[in-house]
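In case you want the letters, here they are:
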Amino acid sequence: MSIKHLIFQNLKKNIKNYYLYVFALIFSVSLYFAFVTLQYDPAMNEVEGSVKGAAAIKSASILLVAIVSIFLLYANTIFIKRRSKEIGLFQLIGMTKNRIFRILTIENFMLYFGSLLIGILLGFSVSKLIIMILFKVMQINAIAELHFSTEALAQTLIVFAVIYLLIMFMNYLFIKRQSILALFRIVSSTETRVKKLSIWEIVIGAVGIIMILSGYYISSKLFGGDFTTINELFLAMIFILGSVILGTYLFYKGSISFIFNIIRKKKDGYLTIKEVLSLSSIMFRMKSNALLLTIITTVSALAIGLLSLSYISYYSIEKTAEHTVAGDFSFTNVNDGEKFEKSLAANNISFHERKIRVIQADANLKNILDTNLEELNFDPKKMKLPVISDQAVDTIDVAPGQAVFTDYNNALQKFMSFKASGQFDLIGKSKTIQLTYLGLRNDSVLSLDFTAGGLPVVIVNQTDFERLQKDINPAIQNKSTLFIGIDVKNEDQLEKANQVFNEFKFNGDSARSRLEISNGMKQIMGLTMFIVGFLGLTFLVTSGCILYFKQMGESEEEKPNYSILRKLGFTRSDLLKGISRKQLFSFGIPLVIGLAHSYFAVKSGWFFFGTELWTPMIIVMILYAALYSVFGILSVLYYKKVIRDAL
Amino acid sequence: MTILEATKIYKNYGNKFNKQEVLKGLDLTIDKGEFVSIMGASGSGKTTLLNVLSSIDKVSQGSIKIEGNEITRMKEKQLAEFRKSHLGFIFQEYNLLDTLTVKENILLPLTVTKTPKKTAEQKFAEVAQELGILEVKDKYPNEISGGQKQRTSAARAFIHEPSIIFADEPTGALDSKSASDLLNKLSQLNQKRKATIVMVTHDPVAASFSNRVIFIKDGQIYTQLNKGDQSRQTFFKDIMKTQGVLGGVQYEH
Ligand SMILES: Nc1ncnc2c1ncn2[C@@H]1O[C@H](COP(=O)(O)OP(=O)(O)OP(=O)(O)O)[C@@H](O)[C@H]1O
Ligand SMILES: [Mg+2]
């Protein structure tokens, strides 16, 4: 048997076994190549203007390489361990270690660079699709035109060649360090030593669950007003992070066996086939994979969390823009407003105009403020708020002596929430008006210019408004006290109106266009979402592959068990049912914990990012779970083959 | 009463062009309650015979009836059904699931047949008592000795009171003391419970515990020895003699 023959034989066997590895490699190469192509594409910087698209893509591609190289190196350690028997055999028949290393290197070379080549070709052909996706989420109307970039090609080749060298270096160390005997022993030494549950593990298990739950509990209190200084907030976050991550580790180390053991004890030795294959196997396996599972869970949670948050921002753009600009356009400068209106009329665009007088007044909110945040820049007894009359808002009417608030920023609400009702004062220059607060509305009436970035607008009765107007405090008034809101009557003409608006080149502080703002946000958030999305996908694919490879190894180790069970008279479908359940746990537990982690993370701070929590978060989670399940299903199919061959 | 009847069984390995005949028209009858040993040179087809008799492997030709059921024509599902209610197995290695305790391992066959838990408990106590493994019932296989493992797998083979127990070199990995302990238990169970046992072995001592020894050569039965009323010692000497003849022939081959 010549070396060449040997290599080809191995290669043939390996491709069948590692098709998923090849797939993951091709996937990451093509994604990387597409990213780098984008980065070198001149269109990137032209289109975005202020957004540094190329720079963002570049940092994303660096992160991508980090994820991919960790994956490739880790996958390689799994594979080389599995092949240690074969390597030992070669040594036994008298091959030198160098020769074995050469065989391995050539074999890997073909597999690796074959995939690399396919990946690059694929990457080039999908890069157009990818840039179209990018333009789509950024809502840019541009035709994607891509050129094959030799720089991108060179960079991809270099990066992946370096990773290849790293892999080979690892293999070299592995082979060098092993003696023939050790090589034969490796598979059994990594196998879990099956032992009885000790008290220690029960404690670990309980502590793990408690730590996770307490982390969750603190996270739900994070912005509820219990932590009043920045230092306390910071400490709380560190605590949550540490306790959840450590708790997850302990959970895999002890809690799973602990819980499964309780279930098992109840059965008193009488286990069904499903329980034999799922409970008893997972109990011991999870423990030995605790570190890996913790990493995968934590990073999954991070990925799902970031994806959710960026999607929440993207999803809430319209709402956020609505609170930024009340109306399609808004002005605080009468001249600008008139010029724009004239121009609209000249273009045959019919519109509706709202003019609102806005007074700034200090308010004493001490009695209705439901917070104890100490390090706030505001003095609750003297907070500058915009005040308008209820006549300016069609939908709201308040009696004299009463007031409602509206336009209050989502995130600020969490820090400074108001009581349901109560008394507060508006302080004029000489007099103070006492008012009854009736509650918070969600109407958008004024643009950001008047609300100091998100403070509520006070709506009072016309009589109270007039009283205040006479007693105005000139020191705290804005430059303009007039808000001009312009709504285009016909939606179809909005685009055109916006063009008119842009032609004027107004000063951005006094004239605002909602469309312009939402488009700008779409570009930034779109790019963010695009990058987070693809990085998340890469992580999902690589971590899914790792779990799958682990399952491949387990199935080989458990094959003798399947043959015993089949001899005992269990049918293939009996076994497969048990295995499906095992995989439900093997893949489901990390997924569910990852989802739970990210749920609590997102829940604790989502309001900084947008106005809508559930829809975007659930969409992200369902998508992630669905893609992730594919790997679970693939692993069941692999088991099916192993079970079939077991007898 | 006949419990197993194999007539003209053939077993070939390989394909049309490269055929290896392992069993060549072998006939075999086993009565209920018998303890039969199968001996023969390495590669003579003992394991193959045991596998086809126990429905784990399919014959190329011929018929095998167990308790009147023709098993060569059964489908995979039926076979599994048949195995779980009628057969028990003891093997030399890889015979216990290492993630299950001794008790869980032994109770496995009962969960296949969905025996009520209470009955299962009773049966377990009984068989574990007989085989002396009650004390280790909550241990895992890697925490007990080889002999205990072998007795555990014997207990598993016995617990559902199968019509036939098949054992492939059950004493292969044991020292002579543990081996004879196990064999004593087996023949006790054979006598007390009237369990039929078919055992493949290389060891004449092990074979001497049975009622009948069948020698395999060239894919057919070479000869048979009946214990009858002899003592175990004389039966053992007979077996040794026959094996010597068989071995000599084998070397010329
Ligand atoms: N799955 C198989 N495929 C092809 N040939 C096989 C297979 N199993 C067994 N054989 C061949 O059949 C013959 C008999 O094998 P078998 O395992 O039955 O022998 P044995 O009598 O049990 O030997 P030993 O005492 O060494 O266990 C051998 O020549 C073997 O090469
Ligand atoms: Mg054999």
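Refer to the structure printed above.
Given the structure is predicted, the values throughout are model-derived calculations rather than measurements.

1. As for the sheet that holds strand β4 (residues 383–389) of chain A
Residues and elements named next belong to chain A. Taking strand neighbours around the barrel as the criterion, the 6 strands line up as β3-β4-β8-β5-β7-β6 in a closed arrangement whose pairing is mixed. Geometrically, the sheet is characterised by an average inter-axis angle of 45° between neighbouring strands, direction not taken into account. In this structure, strand β5 (residues 402–406) lies alongside strand β8 (residues 457–460), joined through 4 bridges in antiparallel fashion. Its bridge partner being in β8, Ala-403 is matched across the sheet by Val-460. The strands touched by helix α17 (residues 462–470) are β3 (359–364), β4, β5, β6 (422–427), β7 (432–440) and β8; relative to β4, the strand with the most contacts, the crossing angle is about 125°.

2. So, the site of ligand 1
Residue and element names in this part refer to chain B. Lining the immediate surroundings of ligand 1 are 13 residues, of which Ser-42, Gly-43, Lys-46, Thr-47 and Thr-48 lie closest. One nitrogen or oxygen atom from the main chain of Ser-44 is found 3.3 Å from an oxygen atom belonging to ligand 1. Within the complex, the protein chains bury 60% of what would otherwise be the 630 Å² of accessible surface of ligand 1. Contributions of two or more residues to the shell around ligand 1 are made by β2 (20–31) and α1 (46–53). Ranked by the residues each element gives to the shell around ligand 1, the list is headed by α1, at 3 residues.

3. What about the packing of aromatic side chains?
Residues and elements named next belong to chain A. Evaluation of the coordinates by the stated rule reveals 51 aromatic pairs over all chains. With 6.5 Å between their ring centres and 75° between their planes, Phe-340 and Phe-504 make a pair best called edge-to-face. Here the residue Phe-340 occupies a position in helix α15 (residues 334–346), and Phe-504 occupies one in helix α18 (residues 494–504), the gap between them amounting to 164 residues. Accessibility expressed as a relative area gives 0% for Phe-340, which makes it buried. Relative accessible area serves as the criterion here: at 29%, Phe-504 is assigned to the partly exposed category. Their ring planes at 80° and their centres at 5.3 Å tell us that Phe-405 and Phe-424 sit as a pair that is edge-to-face. Taken together, the residues span a long stretch of sequence, with Phe-405 in strand β5 and Phe-424 in strand β6 at a distance of 19 residues. Across the pair, Phe-424 and Phe-405 agree in class, each one buried. Feature note: the residues Tyr-19, Tyr-21, Phe-71, Phe-79, Tyr-548, Phe-549 and Tyr-638 constitute an aromatic cluster, connected by ring pairs.

4. Details of the sheet that holds strand β2 (residues 351–357) of chain A
Residues and elements named next belong to chain A. Sheet architecture is open: 4 strands sit in the order β2-β9-β1-β10, paired in antiparallel fashion. Of all strands in the sheet, those with a lone pairing partner are β2 and β10 (511–513), marking the two edges. Ignoring which end each strand starts from, the neighbouring axes of this sheet average 15° apart. Relative to strand β9 (residues 482–488), β2 runs antiparallel, the two sharing 7 bridges.

5. Looking at a positive patch on the surface
On the surface, Lys-274, Lys-577 and Arg-581 of chain A together with Lys-77 and Lys-114 of chain B cluster together to form a positively charged patch. Note on placement: Lys-77 of chain B falls in helix α2 (residues 76–86). Given a relative accessible area of 57%, Lys-77 of chain B falls into the exposed group.

6. Observations regarding the pairing of β4 of chain A
All names here are of chain A. The buried count for β4 comes to 6 of 7 residues, which makes it a mostly enclosed element. Relative to β4, β3 runs antiparallel, the two being bridged by 5 bridges. Bridge pairing links Gln-360 to Pro-386 in β4. In the sheet, β4 pairs with β8 via 3 bridges, with the strands oriented parallel. Its bridge partner being in β8, Val-387 is matched across the sheet by Val-458.

7. Quick look at the side chain of Asn-51 of chain B
With respect to the element layout, Asn-51 of chain B can be found in helix α1. Ignoring any residue separated from it by four or fewer positions in sequence, one finds Asn-51 of chain B in contact with Ile-56 and Asp-57 of chain B.

8. Points about unusual backbone geometry
Residues and elements named next belong to chain A. Of note in this structure, Asn-348 is not a glycine but carries a positive phi near 60°. Note that Asn-348 resides in the loop between α15 and β2. The class for Asn-348 is exposed, based on a relative accessible area of 64%. With phi around 55°, Lys-505 is a residue other than glycine that occupies positive phi space. Within the fold, Lys-505 resides in the loop between α18 and β10. Under the relative-accessibility criterion, Lys-505 is labelled exposed at 70%.

9. Considerations on the layout of surface pockets
Over the atoms rolls a probe the size of a water molecule, and in doing so it shows where empty space is left. All names here are of chain A. Taken as a whole, the second largest pocket holds about 670 Å³ of empty space. What lines the second largest pocket is a set of 27 residues, and nearest its centre among them are Ile-240, Leu-241, Leu-302, His-597 and Ala-601. Of all the secondary-structure elements, those providing two or more residues to the lining of the second largest pocket are α9 (199–221), α10 (230–267), α13 (290–315) and α20 (572–605). Here the residues of the lining of the second largest pocket are counted per class, giving 20 nonpolar, 7 polar and no charged.

10. As for the pattern of salt bridges
Residue and element names in this part refer to chain A. Scanning the model with the defined rule gives 27 salt bridges over all chains in all. Put simply, Glu-558 and Lys-582 hold a salt bridge, and the shortest N to O gap is 3.2 Å. Of this pair, Glu-558 sits in helix α19 (residues 514–567) while Lys-582 sits in helix α20; the two residues are 24 residues apart in sequence, bridging distant segments of the chain. The network of salt bridges with common partners includes Arg-285, Glu-554, Glu-557, Glu-558 and Lys-582.

11. Comments concerning the interface of chain A and chain B
Taken together, the contact pairs 30 residues of chain A with 36 residues of chain B. For the pair chain A and chain B, the summed buried surface comes to about 2,900 Å²; carbon and sulfur atoms form 58% of the total. There are 3 salt bridges connecting chain A and chain B. Lys-103 of chain B is the partner of Asp-268 of chain A in a salt bridge, and the nearest nitrogen-oxygen pair spans 3.1 Å. Sorting the residues of the side of chain A that touches chain B by element identifies α10, α12 (279–288), α19 and α20 of chain A as the ones contributing at least two each.

Reading guide: rules and limits
Residues numbered from 1 in each chain as written. Chains lettered and ligands numbered in written order. Predicted model: local features only at pLDDT ≥ 70, side-chain atom pairs only at ≥ 80, totals over all residues. Heavy atoms only, no water. Pairing = 2+ DSSP bridges. Helix = DSSP H or I, 4+ residues; strand = E, 2+ residues; numbered from the N terminus. Axes fitted to C-alpha atoms, helices over the stretch in contact; angles between N-to-C directions. Contact = heavy atoms within 4.5 Å. Near = heavy atom within 4 Å. Polar contact = N/O pair within 3.5 Å; in protein donor to acceptor, adjacent residues only side chain to side chain. Areas by Shrake-Rupley, 256 points an atom, 1.4 Å probe, with all protein chains shown as cover. Phe/Tyr/Trp six-rings, centres within 6.5 Å; stacked < 30°, edge-to-face > 60°. Buried < 20%, exposed > 50% of the residue type's maximum accessible area, 1.4 Å probe, protein only. Patch = residues over 30% accessible without salt bridge, like charges linked within 9 Å, V, L, I, M, F, W, Y side chains within 5 Å. Salt bridge = Lys/Arg side-chain N within 4 Å of Asp/Glu carboxyl O. Lys, Arg positive; Asp, Glu negative; His and termini not counted. Charge placed at Lys NZ, Arg CZ, Asp CG, Glu CD. 1 Å grid on protein atoms, 1.4 Å probe; cavity = no way out; pocket = protein on both sides within 12 Å on 5 of 7 lines; lining within 4 Å. Points joined across faces, edges and corners; volume = space filled by probe spheres on them. Nonpolar A, V, L, I, M, F, W, Y, C, P; charged D, E, K, R; others polar. Buried area = accessible area lost by both parts, 1.4 Å probe.

All we've got here are geometric facts, nothing functional implied.
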